Amino acid sequence: MNFRSFLGNETTARQLQEGAASGRLPHAILLSGPRGAGKYSLAIALAQTLNCLDPQTYNGLPDACDVCHNCTRIASALDLDVRVAEAVEAREDLRDADRKDTRILIQTHPDVLVVPPDPPQMLVKVGQVRSLIHNVQRAPSEGKRKLYIFPTAKFMSEAANSLLKVLEEPPEYTHLLLLAENPSDLLPTIRSRCSQMRLHAVPMDRLEEILAQHHREWPPARRTLVARLAEGAIGRAISFHPDTYLASRKDALLLLHTAIVEPDHSALFHVTETYRAGAEGQQKTQDLLRTLSLLLEDVMVLQAGRPEMVRNIDVLPELRRLAESVSFDWIERAVRRMVEVESGMRRNLLRSLSLDALTAGLQQR
Ligand SMILES: [Zn+2]
């Protein structure tokens, strides 16, 4: 992930590149912006650029090569969800005593430390910040600059207080990048010690233009659908798999149709049968549940009289029919049941059975 491959929000990206070029990059940066705007990708691009072994230029400013030993190691932190899941799983396997003292930290390069919020509270904890304070004392070993990235800068209060000390006197070679959807997520004492930069959601028509360049084979209606589903997030839009989504949506609509309009269970059993045990079935069920939530959100948007906000725009008539047939209470119950199915999946209950049970449950108005 270098600046060359970062799309949208050109002004902020350039500001960071200029900071890297001049050597006057602030030591603490609060980078805010909506989910999917590219905050984390940009933080990684900066970390790579500052530590690249074979620096390139882009727009007349320094950029990472994205292939050297430093770049590739740093870039492997890009897949954050996977890295965090691995770290959490490794901690689960520890004995109780050790588990308590194990911090969730992602370090794919010795000079770049990613500090994600720690589940289940999803806040950065004081132990993580203490590890950072310990780490900050040592000068860079294989790169030139040390970077500390908080992908979701939400702190427990003790953690925030500990961090203040680092923010007050950061060593010359360090940069802290705090990423947040809203600057107000952070305490004023932290905010005031950071240089603030902002990313914006990419407008829908610009997103469609970018999709037209990246996916020439997609018909315009598909680009419109994907742009709406991606909600301003370029990365999500480009890497979107419409075929997987449409297959999942077909099943989700059948499930809703069976529950609400016409109880034809033979067709439904036929479908739920294909949701099997194992990793593949788990992924498929998760996709289905996510698609169901999106459809229900669209139904709610229609009920609220805001059809322009519907994302699954190509099935609008069907969504209208559903919106006319169910109450707000019903949707609330449906969402609750979906959460139950998800936790059942974690307990490894039979997926196809829980999907049938979900549909049966949804039939009760
Ligand atoms: Zn490089």
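The coordinates are above.
From a predicted model like this one, the values you see are computed outputs, not experimental measurements.

Draft legend 1. Looking closely at the sheet that holds strand β7 (residues 174–180). The six strands lie next to each other as β4-β5-β6-β7-β1-β8, forming an open sheet whose pairing is mixed. Unpaired on one side and paired on the other, β4 (106–109) and β8 (195–198) mark the two borders of the sheet. Neighbour to neighbour, the strand axes of the sheet diverge by 20 degrees on average, direction disregarded. Two strands pair when backbone bridges link them, and strand β1 (residues 28–32) and β7 are joined in this way by five bridges, in the parallel orientation. Bridge pairing in β7 places Ile29 opposite Leu177.

Draft legend 2. Representation of the coordination of the zinc ion. Cys52 (SG), Cys65 (SG), Cys68 (SG) and Cys71 (SG) make up the full set of protein donors to the zinc ion, lying at 2.3 to 2.4 Å. Of note is the zinc ion, whose four donor atoms meet at the metal with angles of 101 to 120 degrees in an arrangement that counts as tetrahedral. Taken in sequence order, the residues that donate to the zinc ion follow the motif C-x12-C-x2-C-x2-C. Within this pair, whereas Cys52 is found in the loop between α2 (39–51) and β2 (56–58), its partner Cys71 is found in helix α3 (residues 69–75), the two being separated by 19 residues in sequence.

Draft legend 3. Just the packing of helix α14 (residues 278–303) against helix α15 (residues 316–325), in detail. Packing of α14 against α15 leaves a shortest axis separation of 9 Å and a crossing angle of 70 degrees. On the basis of the axis angle, α14 is roughly perpendicular to α15. Residues Leu295, Asp298, Val299, Leu302 and Gln303 of α14 lie in contact with α15, whose contacting residues are Leu316, Leu319, Arg320, Leu322 and Ala323. Looking at side-chain class alone, the contact of α14 with α15 contains seven nonpolar, one polar and two charged residues.

Rules used throughout
- Residue numbers here run from 1 along each chain, matching the order of that chain's written sequence.
- Residues qualify for local features only when their pLDDT is at least 70, as the model is predicted, and side-chain atom pairs are given and counted only at 80 or more; totals for whole chains, interfaces and linings, by contrast, use all residues.
- To get the side-chain values, take all heavy atoms of the structure and skip hydrogens and water.
- One requirement defines pairing of two strands: DSSP has to find at least two bridges between them.
- A run of H or I in DSSP becomes a helix once it reaches four residues, and a run of E becomes a strand once it reaches two; helices and strands are each numbered from the N terminus.
- For helices, the fitted axis covers only the stretch in contact; all axes are lines through C-alpha atoms, and the angles between them, taken along N-to-C directions, range from 0 to 180 degrees.
- Any nitrogen, oxygen or sulfur atom within 2.8 Å of a metal ion counts as a donor, with the limit raised to 3.2 Å for Na, K and Ca, and since water is left out, coordination shells can look unfinished.
- Every geometry call rests on angle ranges, with four donors termed tetrahedral when all angles are between 85 and 135 degrees, four termed square planar and six termed octahedral when opposite donors are over 155 degrees apart and all others are between 65 and 115, and everything else termed irregular.
- Roughly parallel means an angle under 35 degrees; roughly antiparallel, over 145; roughly perpendicular, 65 to 115; everything else is oblique.
- Contact definition: two residues touch when any of their heavy atoms are within 4.5 Å.
- In the scheme used here, Gly and all other residues not listed as nonpolar or charged are polar, with Ala, Val, Leu, Ile, Met, Phe, Trp, Tyr, Cys and Pro taken as nonpolar and Asp, Glu, Lys and Arg as charged.

Spatial relationships are all this shows, so hold off on functional conclusions.
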